[in-house]
Amino acid sequence: MPQFRQLAETPKPTGAQQAPTPPDTTTTAPATVSPAAVPTGSPETLTATVPRQFVHRAAVAETLLTGWTTTGADRFTVSAQWPRAHQLHVSADRTSYDPLLVAETVRQCGALLAHTEYGVPLDHRFVLHELRVGTRPERLAVGPLPAEPVVGITVTEVRRRGGRPAAMRYDADVRLGGETVATGHIDVSWTGENVYRRLRGGRTPDSVVALAVPPGLPAAAVDRAVPADVVLAPTRRRDRWQLRVDTTHPVFFDHPLDHVPGMLFLEAARQAARVRGLASRPPVALRTVFRQYAELDRPTWIQATEEGTEHIQVVGIQGESTVFECRVSTGAP
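Residues numbered from 1 in each chain as written. Predicted model: local features only at pLDDT ≥ 70, side-chain atom pairs only at ≥ 80, totals over all residues. Heavy atoms only, no water.

S.K.: Hey, could you run me through the pairing of strand S6 (residues 179-191) in this one?
M.R.: Within a regular beta strand, the side chains point alternately toward one face of the sheet and then the other, so they alternate between its two faces. Of all 13 residues in S6, ten are buried, a share of seventy percent or more. Inspection of the sheet shows strand S3 (residues 125-135) paired to S6 by ten bridges, in the antiparallel sense. Within S6, the residue paired with valine 127 across the bridge is serine 189. Sheet topology note: the strand S5 (residues 164-176)/S6 ladder contains ten bridges and is antiparallel. Within S6, the residue paired with arginine 169 across the bridge is aspartate 187. If you look at the hairpin formed by S5 and S6, you'll find two residues sitting between the two strands, and glycine 177 has a positive phi there, around 60°. (Buried < 20%, exposed > 50% of the residue type's maximum accessible area, 1.4 Å probe, protein only. Helix = DSSP H or I, 4+ residues; strand = E, 2+ residues; numbered from the N terminus. Pairing = 2+ DSSP bridges.)

What follows is the structure, given as structure tokens:
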């Protein structure tokens, strides 16, 4: 069995490096436990999360990964733990894990490995370009204990700028009990803080005021337990909604952002599929492309552009621009 790495403390940035967004680094990382301190009969390895900064999360509760190991050139195995109950990532009746939990797990794997294995500084900003997830819902049932998936990561491409890694593509094989329960693919890039600020035209979480949140669809209509988790607001058209961007949401906005996060778009696509009639079966696959940043102070419209018996194509629009596209499928991935 591979021995997964767990750091006793968060590495301290050197030189001009700073902590990632959010900059708060006051949370103490899991401490190393001396073997002599482990009570008789306890497991040899005690499970703790990786430092939250490595996966770009402010809340330890939203940190899903617990360790990693290198298995070959550009190949890694990452361990994780999924909670039995979660505001978004577990079904309302707490019987099954949601595809968005798989997506978030695979996203966190890339951030972790970029920082720990490819030398990406902690102050760099990550940009998600493409995300694909396929799941086997019959194998994603919530059990009597938190699930502990093992994720095989194969980095298929590393793009460099000035001799340093600047982007990568990777594939993920998510296993529970030795069986594949999901697969994933991500294309992500990153840039330094100064370049990011120039790209964003000086927009920061403090300088941008998000639009007021409009009333949403009924929670039951989008398979959510509480109104706060509804991300679609009705319009006069049945195939078009306004995106509800609640910057106080503890999961989508785990920390302050200057743009609409990608996971909010994934949830919007999921809810749109539910509203448009793909409700008899849960989503099985998500194929998403992110085109450009979506601004908090401009309305974003979610629209179904193509529908079939087992899929729906959803786009996000700001002004005249398409900011994301997602194909949600309920058939075989």
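S.K.: Can you walk me through helix H3 (residues 262-275) in this structure?
M.R.: Each α-helix winds once per 3.6 residues, and so residues spaced three or four apart point in a common direction. Taking 1.5 Å per residue as the helical rise, H3 with its 14 residues ought to reach 20 Å, and the 20 Å between its terminal C-alpha atoms agrees with that figure. Among the residues making up H3, those that are buried are Met263, Leu264, Phe265, Leu266, Glu267, Ala268, Ala269, Arg270, Gln271, Ala272 and Ala273. Just downstream of H3, glycine 277 is the residue with a positive phi angle, here 110°. (Expected span 1.5 Å × (residues − 1).)

S.K.: Explain the packing of aromatic side chains to me, please; I cannot follow it from the model alone.
M.R.: To describe a pair of aromatic rings, you give the distance between the ring centres and the angle between the ring planes. Inspection of every chain in the model, using the stated rule, returns five aromatic pairs. When the centroid spacing of 6.0 Å and the interplanar angle of 70° are considered together, the rings of phenylalanine 76 and tyrosine 118 count as edge-to-face. On the criterion of sequence distance, the pair formed by phenylalanine 76 in strand S2 (residues 75-80) and tyrosine 118 in the loop between helix H1 (99-117) and S3 is long-range, its members being 42 residues apart. The same class applies to phenylalanine 76 and to tyrosine 118, which are both buried. (Phe/Tyr/Trp six-rings, centres within 6.5 Å; stacked < 30°, edge-to-face > 60°.)

S.K.: How should the nonpolar core be read in this particular structure?
M.R.: Taken as a class, soluble globular proteins show a tendency for nonpolar side chains to be buried jointly. Residues Val78, Trp82, Ile153, Leu243, Phe265, Ile302 and Phe324 are the most contacted members of the largest nonpolar core, which totals 78 residues. With nine residues, the single largest contributor to this core is H1. When sequence neighbours within four positions are dropped, the list of residues in contact with leucine 243 reads Val231, Val260, Leu264, Phe265, Ala268, Thr300 and Ile302. (Core = buried A, V, L, I, M, F, W, Y, C linked by side-chain atoms within 4.5 Å. Contact = heavy atoms within 4.5 Å.)

S.K.: Explain the side chain of threonine 66 here, please?
M.R.: Within the secondary structure, threonine 66 is located in strand S1 (residues 65-72). For threonine 66, a relative accessible area of 7% gives the class buried. A distance of 2.8 Å separates the side chain of threonine 66 from the side chain of serine 79, its partner in a polar contact. (Polar contact = N/O pair within 3.5 Å; in protein donor to acceptor, adjacent residues only side chain to side chain.)

S.K.: I would appreciate a short explanation of H1 in the present structure.
M.R.: For H1, built from 19 residues, the straight-helix expectation of 27 Å at 1.5 Å per residue is met to within 8% by its first-to-last C-alpha distance of 27 Å. Taken across its 19 residues, H1 has 17 buried, putting it largely inside the fold. For H1, the side-chain oxygen to backbone nitrogen distance between the N-cap and leucine 100 is 2.9 Å, and the N-cap itself is aspartate 98. Just past H1, the residue glycine 119 takes up positive phi, approximately 70°.

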